[in-house]
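# Structure at a glance
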Amino acid sequence: MQHTMPVHESMSQFGIDGDSLVVGGMPIELLAARVGSTPFYAYDRSVIARGIELLRAALPKKIEIHYAMKANPMPAMVCFMTSLVDGIDVASGGEMKIALDTGISPQNVSFAGPGKRESELRQAVAAGVLLNVESFREIELLARLSNELGRAARVAIRVNPDFELKGSGMKMGGGPKQFGIDAEAVPLALGKVRALELAFEGFHLFAGSQNLNAESICEAQNKSFELAIKLSEHISYPVKLLNLGGGFGIPYFPGERRLDLSPIGENLEKIVEKTQKIFPEAKLALELGRFLVGESGIYVTRVIDQKISRGQRYLITDGGLNHHLSASGNFGQVIRKNYPVAIGNRMSPPCNDPTTIVGPLCTPLDTLADKMLLAEAELDDLVVVFQSGAYGASASPNEFLGHPKVTEVLI
Ligand SMILES: *Cc1c(COP(=O)(O)O)cnc(C)c1O
């Protein structure tokens, strides 16, 4: 039985030369030799730059794009991103260090996260980073730290909105949440921020993640904007920043299509117009992680064994869920689906019978591809998992089972 290669949109980001996938201008075998060992992640700068160019072209000029670096905190990546975006969003003191090490102005760094330690808040105030405050404890601590350090903390209120981003992979707003301050408690928080003389800059509204539906993203942005207008009735000083969140997804699974940016651009155009009237001093920002870097990355692991078990073909590779938890389906998936996968040095041959690719870990959870149609592979071939630029290496349990850590390159 022969099938043709199932083409996934993500593969179109890269080239093919003969049988080889070409990433960053290099055939995959050469790239593997340059890295020196498998498994590895490779992130292609040109894919990121092209994606951001398309995004900017689709959005109004006034919209700032911030990179939420938890999607991929590799220092070289964060450094590269500072040349393409308007700000970096960090979610820990560790991320803040990486961001500041790039030389970015602290003016353009913001810090969100539901459990900020006192030491992290102190560092952020000292650095002059914007804090997205998420609790009354943070407001009070920041007042003390501002006094101690002799500089007023820059704060935006992270609002837990009274709505959700529909159809989102992970909901991060609406209903009871650990994130942000409930919209109905924000007037009280604003009063405290004022009384304690913190430097208020605006609102941060983030409703969810991994959304491929432009309509629901527009709806969330409109509701966020309306909510910001309502909340601003409780303050007498100007709003300098409205961070409308993000939630832009990328296609992973069969049947998923790329997010259509044009309706989002049109909708934001209207928001920009209204902002100029209602909040004349405000900058408008989106913060995106996955959307900016996800499609630029591949995970490459080598076939080290193969077997047929009761009729089912298996390839066993030198890396798996220890490096790429999300591709194994164990990072927030409810029903496991295959990421796009190919044999990177056999891109043109027809596909074989359904093949299951597993990593070397002694657990059935370590599956990279379940019964996929792939070229017939041999030992030493290179298995490539696409859409791996976000929530890969840093979101995986590298220590689990004591295998070597994964290498990352930015090319
Ligand atoms: C995780 C996170 C993001 C990025 O989410 P993506 O789905 O990767 O775009 C943005 N903002 C905040 C506050 C986050 O916690």
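What comes next is a walk through the structure. (Residues numbered from 1 in each chain as written. Predicted model: local features only at pLDDT ≥ 70, side-chain atom pairs only at ≥ 80, totals over all residues. Heavy atoms only, no water.)

Counting its secondary structure elements, the protein contains 11 helices and 22 strands. With the C-alpha coordinates of the protein rotated into their principal frame, the extents come out at 70 × 40 × 35 Å. For the protein, the proportion of its 411 residues judged to be buried stands at 57%. For the protein, the proportion of contacts with a sequence separation of at least 24, taken over those separated by at least 6, is 73%. Total accessible area on the protein stands at roughly 17100 Å², and carbon and sulfur atoms take up 53% of it. (Helix = DSSP H or I, 4+ residues; strand = E, 2+ residues; numbered from the N terminus. Buried < 20%, exposed > 50% of the residue type's maximum accessible area, 1.4 Å probe, protein only. Contact = heavy atoms within 4.5 Å. Areas by Shrake-Rupley, 256 points an atom, 1.4 Å probe, with all protein chains shown as cover.)

Turning next to the pattern of salt bridges. The final tally for this structure, using the stated rule, is 19 salt bridges. Note that Arg258 is salt-bridged to Glu295, the shortest N-O span being 2.8 Å. Placement of the pair is Arg258 in the loop between strand S14 (241-243) and helix H9 (261-278) and Glu295 in the loop between helix H10 (290-293) and strand S16 (297-309), with a sequence separation of 37 residues. The class of Arg258 is partly exposed, set by a relative accessible area of 32%. Look at Glu295 and you get buried, because its relative accessible area is 11%. Salt-bridge contacts for Asp370 lead to Lys371; the nearest nitrogen and oxygen are separated by 3.7 Å. (Salt bridge = Lys/Arg side-chain N within 4 Å of Asp/Glu carboxyl O.)

A few words now on the site of the ligand. Taken together, 13 residues form the shell around the ligand, and within it Lys70, Ser209, Glu287, Arg290 and Tyr391 come nearest. In this structure, Gly289 approaches the ligand through a main-chain N or O atom, which is 2.9 Å from an oxygen atom. Across the complex, the protein chains shield 93% of the 380 Å² of accessible surface that the ligand would expose by itself. Residue classes in the shell around the ligand are distributed as five nonpolar, four polar and four charged. (Near = heavy atom within 4 Å. Polar contact = N/O pair within 3.5 Å; in protein donor to acceptor, adjacent residues only side chain to side chain. Nonpolar A, V, L, I, M, F, W, Y, C, P; charged D, E, K, R; others polar.)

Turning to the nonpolar core, a few remarks are in order. Within the largest apolar cluster, 104 residues are counted, with the highest numbers of intra-cluster contacts made by Tyr67, Met81, Ile157, Phe203, Phe248 and Leu292. Looking at this core, the element that brings in the most residues is helix H8 (residues 214-232), giving nine residues. Judged by nonpolar contacts, the second largest core, of 21 residues, contains Leu31, Ala32, Ala342 and Val384. (Core = buried A, V, L, I, M, F, W, Y, C linked by side-chain atoms within 4.5 Å.)

A word on the sheet that holds strand S3 (residues 26-27). Adjacent strands of a sheet form backbone hydrogen bonds with each other and so pair up, either parallel or antiparallel. Pairing is antiparallel in the open sheet, where three strands are placed in the order S1-S2-S3. Among the strands making up the open sheet, the edge pair consists of strand S1 (15-17) and S3. Where S1 and strand S2 (residues 20-23) come together, three bridges link them in antiparallel fashion. Residue pairing across strands places Asp17 opposite Ser20, the latter belonging to S2. (Pairing = 2+ DSSP bridges.)

Next up on the list: the packing of aromatic side chains. One pass over the structure, following the stated rule, counts 11 aromatic pairs. Where Tyr41 meets Tyr43, the ring centres are 6.0 Å apart and the plane angle is 25°; that geometry is what we call stacked. You'll find Tyr41 and Tyr43 in the same group, each marked buried. Ring centres of Tyr41 and Tyr299 lie 5.0 Å apart, and the angle between their planes is 45°; this geometry places the pair in the tilted category. Here Tyr299 lies in strand S16 and Tyr41 lies in strand S4 (residues 40-43), a separation of 258 residues in the sequence. A residue is classified by how much of its surface remains accessible, and Tyr299, at 0% relative accessible area, is buried. (Phe/Tyr/Trp six-rings, centres within 6.5 Å; stacked < 30°, edge-to-face > 60°.)

A cis amide bond links Thr38 to the next residue, Pro39, at an omega of -5°. Position of Pro39 relative to the elements: it lies in the loop between helix H1 (28-35) and S4. For Asp380, which is not glycine, the phi torsion reads 75° and is therefore positive. Tracing the backbone shows Asp380 in the loop between strand S20 (367-375) and strand S21 (382-385). A relative accessible area of 52% places Asp380 in the exposed class.

Turning next to a negative patch on the surface. On the surface, Asp260, Glu266, Glu269 and Glu273 cluster together into a patch of negative charge. Assignment of secondary structure puts Glu273 in helix H9. Note on Glu273: relative accessible area 48%, which makes it partly exposed. (Patch = residues over 30% accessible without salt bridge, like charges linked within 9 Å, V, L, I, M, F, W, Y side chains within 5 Å. Lys, Arg positive; Asp, Glu negative; His and termini not counted. Charge placed at Lys NZ, Arg CZ, Asp CG, Glu CD.)

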